[in-house]
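Here's the letter readout for the chains.
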Amino acid sequence: MDFTLPETALAVQEGVRAIGAKYDHAYWSRLEEEHRFPWEAWGDLAQGGWLGLTVPEEYGGGGQGLLELAVACETLAASGGTAGIFLYILTPGFGATTIARHGTAEQRRRLLPGLAAGETQFCMALTEPDAGSDALRIRTHAVRDGSDFLIGGQKIWISGLENADWMIAITRTVPAAEATPRTSGFTLFLVDVKEAVAAGTLRYTPIPKLGGNVVTSSQVFFDDVRVPAENVLGEVDGGFSVLWDVLNPERVLAAAGGVGTADAALDLAVRYAKERKVFGRPIGANQAIQFPLAQIKAKTELGRLMTYKAAWLFDRGLPCHAETNIAKLTGAQVGWEAANQAFQTFGGMAYSKEYPVERLFRDARIAKNIPVAEELVLAHIGTQVLGLPRSY
C-alpha cells in the first residue's frame, strides 16, 4: 500500500499552485463582488494544460485520471479560489471526463480538443424544482421527432450555463411512473447551448445567491429544444449508468474542493492566530484557539485521504459509490468547519470584507447541501453500507 502521490499528481499540484499564487484572495474576493467569471485564472490554467488533464493525449490533453483532476481542484481551492471549485466540476468534470469515457468517436473528435485547450465549456442539467434530490422522478422529457429529439421541461440550480458551449441534459425518455426498473428510461443528451438559446428554445434566469458568484446558477426552461440523435450520450433509455460516471467525479471534485477550502481557511486562521496579540501573547497560544484548529487539521488530512482513495478507485474502474459519498461528506464537513473556525479565530473582524474569511464562510456552507445533501449521503451509508432498513 503506497500513499505517495504519483509524479503526475505532484506535477499537477506544483503547476496549479504556481498559478494560484498569481490569483490571491483579493482577486477572488474582487470577482465575487463583481459577479465575474475568473477569465484570467481560467486562461492560465488552460495554457498550462491543467484543465484538460482527463482528455486523452491524442486529443491534446494530459491523458491523466480523476486523481490528478482532484489534486488540481484541491490546490486551486487551497490558494483561495474556493468558488473556483466549480471551474473543475463543470468543464473538466462534467465535460472532459464524461466525453472521454462515454462519448462516441465522433463526439470525442468534435469536443475533446476544445475541452483540452480550455476553449469549450460545459454545464450539466439534472436538478428540477419538483425533483431536487429525488433524481429518479425528474420530469424533463425527450420525445423523438424524426431523426431528432425534442426536449421539454425545466431545471433549477444549473451552474455555468452563461458561459457554457455544451450542456449534458438528463431527461426521461420513459416517464418515471412507467419505468421498470426505476433507473431505466433515462437518456442523456449533448445540447448545443448557444444554438438552442439563439433558437429561443432554451431560456434561463439567473438566481441571486449567497456566495459562489464567480459562476452563475440559473433556472432553465426547455421549450422543445431540438437535439439530433447523434448527440445522445450513451444509449437511449440506458443513460443511468452514464449518469453515475457523471455524479461520482462530481462528488470527488466537490470533496477535493472541500479539503482545499479547509487548507485555505486554516492557513488564514493560523497566520492570524500567530500575529494577533491579546493580553500580551499571540491568541494562538491559547488552547481554546489552538485545539479546534488542530482538530480541523486532523480532519482535513482524513478527508484528503478519502478523496484520493475514491478518485483512485474510479480511475481503475472499481466500485466507488460508497467511497465517493464518504469523501464528499467528509470534505464538505471539514471545509465548513474550517471556515467557521477561521471566522471564530478572527473574531469580529471576520465580519469585515477587509478579510477573505467572510467569503470562505459563504462559499463553504453550500457544500453540505450540494451536489448531494448530507442527509442523503448518510442514508446511503446507513442502508447500502451498513445494511440498515430503509425509512422510505
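Residues numbered from 1 in each chain as written. Predicted model: local features only at pLDDT ≥ 70, side-chain atom pairs only at ≥ 80, totals over all residues. Heavy atoms only, no water.

The protein carries the name Acyl-CoA dehydrogenase family protein in an unreviewed UniProt entry, which gives Pseudonocardia xishanensis as its organism. Taken from UniProt, the Sequence similarities (unreviewed entry) comment for the protein reads in full: "Belongs to the acyl-CoA dehydrogenase family." The UniProt entry for the protein carries the following text under Cofactor (unreviewed entry): "FAD". (UniProt positions renumbered as here; feature names shortened; annotations may be inferred.)

Draft legend 1. A look at the overall build of the protein. Across its full length, the protein holds 12 helices and 10 strands. Computed over the C-alpha atoms, the radius of gyration of the protein is 21 Å, within 12% of the 21 Å expected from 2.2 N^0.38 for a compact globule of 392 residues. Dimensions along the principal axes, computed over C-alpha positions, put the protein at roughly 80 × 50 × 45 Å. A total of 392 residues make up the protein; the buried ones form 55% of that total. Taking as baseline every contact in the protein between residues at least 6 positions apart, the subset at least 24 positions apart corresponds to 72%. Of the roughly 17200 Å² of accessible surface on the protein, 55% is carried by carbon and sulfur atoms. (Helix = DSSP H or I, 4+ residues; strand = E, 2+ residues; numbered from the N terminus. Rg over C-alpha atoms; globule rule 2.2 N^0.38 Å. Buried < 20%, exposed > 50% of the residue type's maximum accessible area, 1.4 Å probe, protein only. Contact = heavy atoms within 4.5 Å. Areas by Shrake-Rupley, 256 points an atom, 1.4 Å probe, with all protein chains shown as cover.)

Draft legend 2. Quick peek at the layout of surface pockets. Quantified by volume, the second largest pocket comes out at close to 480 Å³. In terms of lining, the second largest pocket is formed by 18 residues, of which the most central are D2, F3, Y308, K309 and W312. Every element with two or more residues in the lining of the second largest pocket is listed here: α4 (66-78) and α9 (287-315). For the lining of the second largest pocket, the leading source of residues is α9, giving eight residues. Its residues assigned to classes, the lining of the second largest pocket comprises nine nonpolar, two polar and seven charged. (1 Å grid on protein atoms, 1.4 Å probe; cavity = no way out; pocket = protein on both sides within 12 Å on 5 of 7 lines; lining within 4 Å. Points joined across faces, edges and corners; volume = space filled by probe spheres on them. Nonpolar A, V, L, I, M, F, W, Y, C, P; charged D, E, K, R; others polar.)

Draft legend 3. Quick peek at the environment of V246. With respect to the element layout, V246 can be found in helix α8 (residues 240-275). Take V246: its relative accessible area is 1%, and that puts it in the buried class. The spatial distance from the C-alpha of V246 to the C-alpha of T98 is 6.2 Å, given a sequence separation of 148 residues. Excluding residues that lie within four positions of it along the chain, V246 makes contacts with F94, T98, M124 and L188.

Draft legend 4. The arrangement of the UniProt feature "domain: Acyl-CoA dehydrogenase/oxidase C-terminal" (unreviewed entry) in the protein in detail. With numbering aligned to this structure, UniProt lists the feature "domain: Acyl-CoA dehydrogenase/oxidase C-terminal" (unreviewed entry) at residues 238-367. Annotated as 77% helix and 3% strand, the span residues 238-367 places its first and last C-alpha atoms 29 Å apart.

Draft legend 5. Structural detail: the pattern of salt bridges. Tallying each qualifying case throughout the model produces 22 salt bridges. Salt-bridge contacts for E74 lead to R304; the nearest nitrogen and oxygen are separated by 2.4 Å. Pair noted here: E74 is in helix α4 and R304 is in helix α9, with a separation of 230 residues, a long-range link. Given a relative accessible area of 12%, R304 falls into the buried group. With a closest N to O distance of 2.9 Å, R362 and E358 form a salt bridge. Of the two residues, R362 and E358 both sit in helix α11 (residues 357-365), four residues apart, roughly one turn of that helix. Summarising the burial analysis for this pair, R362 and E358 share the class buried. Counted as one network, the salt bridges with shared partners bring together E74, D263, K297, E301 and R304. (Salt bridge = Lys/Arg side-chain N within 4 Å of Asp/Glu carboxyl O.)

Draft legend 6. Seen up close, a nonpolar patch on the surface. The grouping of M1, F3 and L305 at the surface amounts to a nonpolar patch, some 450 Å² of accessible area in total. Structurally, L305 can be placed in helix α9. With relative accessibility at 46%, the residue L305 sits in the partly exposed group. (Patch = residues over 30% accessible without salt bridge, like charges linked within 9 Å, V, L, I, M, F, W, Y side chains within 5 Å.)

Draft legend 7. View of the packing of helix α1 (residues 7-22) against α4. Between α1 and α4, the least distance of the axes is 9 Å, while the angle of their chain directions is 25°. Classified by the angle between their axes, α1 and α4 sit roughly parallel to one another. Seen from above, α1 lies across α4 with right-handed handedness. Contact with α1, carried on its side by T8, A9, V12, Q13, V16 and R17, involves E68, V71, A72, T75 and L76 of α4 and no other residues of that element. Partitioning the contact of α1 with α4 into residue classes produces six nonpolar, three polar and two charged. (Axes fitted to C-alpha atoms, helices over the stretch in contact; angles between N-to-C directions. Parallel < 35°, antiparallel > 145°, perpendicular 65-115°, else oblique. Left-handed = near helix turned anticlockwise from the far one by under 90°.)

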